[in-house]
Amino acid sequence: MKIVLISTYELGRQPFGLVSPAAWLRRRGHEVTCLDLTRQELDALAVGSADLIAIYLPMHTATRLACKLIPSLRVQNPGAHICCYGLYAPMNAEYLRSLGVGTILGGEFEGGLVRLAERLSCAEKNDKIFPQGLKHLEAGRSMSEPFEAQDKLKLRPPSATEKKPQGSEDSALRYRGGDALKRAPTTFVATQVEPIVSLERLEFEVPDRTGLAPIAQYAHLVVPGGGYRVVGSTEASRGCKHLCRHCPIVPVYNGVFRIVAQDVVLADVRQQVAAGAQHISFGDPDFFNGIRHAMELVEAFHREFPGVTYDVTIKIEHLRKQERHLERLRDTGCLFVISAVESIDDGILERLDKGHTREDFLYVARKFRELGMTLHPTFVPFTPWTTLDGYLDLLRVLAAEELVENVAPIQLGIRLLIPEGSRLLELEEVRRMVDAFDAESLVYPWRNADGRVDLLSEAVQSIAAEADRKKESRAAAFARIWEAAHAAAGVVAPELRVTEGRGVPFLSEPWYCCAEPTRDQLVSIGGAAKPASAPRTEKVMAADGFV
């Protein structure tokens with residue numbers, strides 16, 4: 001088959017959700033085009049000739065952008081089968097179906113994409129026949145279906161003037177041909193037979209990064225003194241053991257995580273180092289979910305690539321419980337650790353079921369300073385429970401703990417995201433405070449009881465955006481946020497003492513967690529279906545991730 005895999009955004013990295021399934025599909029003889037729309041134009045020729053268009057949805061912002069893109073894809077190629085896969089696909093299945101998406105795949109999606117391609121290319125085959133390299137799934141053990149698998153997409157009936165072209169397939173799978181640019185693609189009912197959520201154990205293959213922009217065009221590592229390093233990225237595990245209420249992983253994986261074999265990870269790193277990577281960013285939701293796997297991997301990594309540095313994402317809870325391993329991380333080239341702290345208010349942390357306390361965070365921050373390591377805490381400072389006093393407390397702690405330069409300014413303006421399926425909706429107080437689900441925005445909207453808090457969130461986002469445009473230092477942006485927060489609270493801002501220029505390494509496109517995008521971060525890409533030679537001026541930044 002001719003298959004197009006599309007990513008609308010994955011935080012400045014080459015999308016693992018494209019390069020991994022590309023390897024699976026190409027190995028089985030399919031012609032695959034990968035398009036990362038943050039670095040490439042939408043290839044109208046590839047889209048127009050595709051049998052299957054699959055869009056990767058790892059996060060909220062990527063999904064919002066995809067929803068704007070899908071209608072133009074259907075216009076360009078109404079005969080193509082459209083699939084959405086990744087964390088946010090099952091959570092937003094109903095809305096995606098309404099846009100014309102025929103297949104939804106969540107969890108371990110590579111097998112589902114292979115099976116879908118096999119089914120579409122050989123419709124006469126029995127659905128019980130699995131392609132080479134895939135095993136039958138063990139009922140009740142390897143598959144999870146919290147969403148209805150036999151979800152049907154109902155499309156409009158044909159008008160009196162519309163006729164089915166000669167030779168087209170009378171199939172529930174697809175309908176090709178006809179005047180592609182002027183009418184609906186099909187008159188049939190599309191039935192999905194692949195499980196919407198699969199947690200099967202896969203034998204991962206080495207990602208195939210062919211066709212994407214060079215890694216030098218992606219996010220780079222900014223190092224103290226003004227230098228930079230080319231960054232590659234990979235994943236050593238997926239899913240997560242934990243059940244944080246606000247996390248988008250939980251509705252799909254529900255406490256399950258899967259390991260990528262060490263030889264596959266190292267082979268992927270090897271090809272990126274050969275392409276110029278000087279630093280590797282591990283995109284695992286939590287690198288310490290499998291501590292033995294993680295430590296054996298970094299030892300092997302350091303032996304083979306002693307001059308290459310790396311970063312990982314680890315929960316505060318794990319950093320404290322596994323602190324004996326921190327020195328070894330440092331000594332094997334770990335430049336920094338990202339950790340989703342979210343809040344320093346114990347009441348909010350309890351509501352989010354984060355598994356750590358304010359004291360745990362302070363302990364870890366001080367431990368990192370003692371070891372000469374760099375911690376990059378991420379936050380969701382604006383929640384329904386945030387108060388102005390609580391926000392000022394956060395700023396004071398960051399200043400006192402010498403973390404101002406460790407936190408991207410936009411982190412201080414992020415609002416909590418409550419998507420469909422969020423465990424936050426288990427809390428009665430949350431159900432009472434949210435508005436009805438907004439299908440287009442893909443969230444349950446909420447407002448803080450103190451309107452000044454919501455206004456401060458907007459002000460902080462504006463300061464952060466302006467600081468980014470002007471290339472201000474993090475310390476300078478923090479000082480402006482400090483003044484704005486105290487003004488919002490109606491108090492005089494005390495003198496701020498921040499040592500500017502300490503210098504910490506950080507990625508040029510920070511990793512944001514579980515939050516609504518800022519106003520500046522969403523762009524319309526519905527018009528992206530244009531010739532590949534057309535100039536692209538939009539730049540998209542995401543305010544969420546899956547940490």
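Further up the page is the structure itself.
Predicted, not measured: the structure shown is a model, and the values here were computed from it.

> Please explain the pattern of salt bridges as it appears in this structure.
Any two side chains of opposite charge can pair, given that their charged atoms come close. Under the defined criterion, the tally for this structure stands at 34 salt bridges. The salt bridge partner of Glu-401 is Arg-369, with a shortest N-O separation of 3.2 Å. Taken as a pair, Glu-401 in the loop between α14 (388-400) and α15 (428-433) and Arg-369 in helix α13 (residues 358-371) lie far apart in primary sequence, 32 residues in all. One network of salt bridges, in which partners are shared, links Arg-245, Asp-353, Arg-423 and Glu-426.

> Where do I start with the sheet that holds strand β3 (residues 52-56) in this structure?
To summarise the sheet geometry, strands pair through backbone hydrogen bonds and adopt either a parallel or an antiparallel arrangement. With parallel pairing, six strands are arranged side by side in an open sheet as β2-β1-β3-β4-β5-β8. Of all strands in the sheet, those with a lone pairing partner are β2 (31-36) and β8 (197-198), marking the two edges. Both strand β1 (residues 2-7) and β3 contribute to a ladder of five bridges, which runs parallel. Paired with Val-4 across the bridge in β3 is Ile-53.

> Can you help me understand the packing of α14 against helix α17 (residues 474-488) in this one?
Packed helix pairs are specified by the crossing angle of their axes together with the interaxial distance, meaning the distance between the axes. Packing of α14 against α17 leaves a shortest axis separation of 10 Å and a crossing angle of 155°. As far as their axial angle goes, α17 and α14 are roughly antiparallel. In this structure, the crossing between α14 and α17 has a hand that is left-handed. Every residue of α17 that contacts α14 at Leu-388, Tyr-391, Leu-392, Leu-395, Arg-396, Leu-398 and Ala-399 is listed here: Phe-478, Ile-481, Trp-482, Ala-485, His-486 and Ala-488. Here the residues of the contact of α14 with α17 are counted per class, giving eleven nonpolar, one polar and one charged.

> Would you take a moment to explain the packing of aromatic side chains for this structure?
What characterises a pair of aromatic rings is the spacing of the ring centres plus the angle enclosed by the ring planes. Scanning all chains against the criterion turns up 13 aromatic pairs. A ring pair is formed by Phe-282 and Tyr-310, whose centres lie 5.9 Å apart and whose planes are at 85°; its orientation type is edge-to-face. Residue Phe-282 is found in strand β13 (residues 279-282), and its partner Tyr-310 is found in strand β14 (residues 309-313); the two are separated by 28 residues along the sequence. Three or more aromatic residues joined by ring pairs form one cluster here, namely Phe-282, Phe-287, Phe-288, Phe-301, Phe-305 and Tyr-310. Positioned above the aromatic ring of Trp-446, the side-chain terminus of Arg-415 is 3.8 Å from the ring centre. In this structure, Arg-474 packs its charged tip against the face of Phe-506, placed 4.0 Å from the ring centre.

> What should I look at first to understand the sheet that holds strand β9 (residues 220-223) in this one?
Taken in spatial order, the seven strands make up an open sheet running β16-β15-β14-β13-β10-β9-β17, and their pairing is mixed. The strands lining the two open edges of the sheet, one partner per strand, are β16 (375-379) and β17 (506-507). Across four bridges, β9 lies against strand β10 (residues 227-234) in antiparallel orientation. Among the inter-strand pairings, Val-222 is bridged to a residue of β10, identified as Tyr-228. Here helix α8 (residues 262-274) sits on the sheet in contact with β10 and β13, set at roughly 145° to β10.

Definitions and cut-offs
- Residues numbered from 1 in each chain as written.
- Predicted model: local features only at pLDDT ≥ 70, side-chain atom pairs only at ≥ 80, totals over all residues.
- Heavy atoms only, no water.
- Salt bridge = Lys/Arg side-chain N within 4 Å of Asp/Glu carboxyl O.
- Helix = DSSP H or I, 4+ residues; strand = E, 2+ residues; numbered from the N terminus.
- Pairing = 2+ DSSP bridges.
- Axes fitted to C-alpha atoms, helices over the stretch in contact; angles between N-to-C directions.
- Parallel < 35°, antiparallel > 145°, perpendicular 65-115°, else oblique.
- Left-handed = near helix turned anticlockwise from the far one by under 90°.
- Contact = heavy atoms within 4.5 Å.
- Nonpolar A, V, L, I, M, F, W, Y, C, P; charged D, E, K, R; others polar.
- Phe/Tyr/Trp six-rings, centres within 6.5 Å; stacked < 30°, edge-to-face > 60°.
- Lys NZ or Arg CZ within 6 Å of the ring centre and 35° of its normal.

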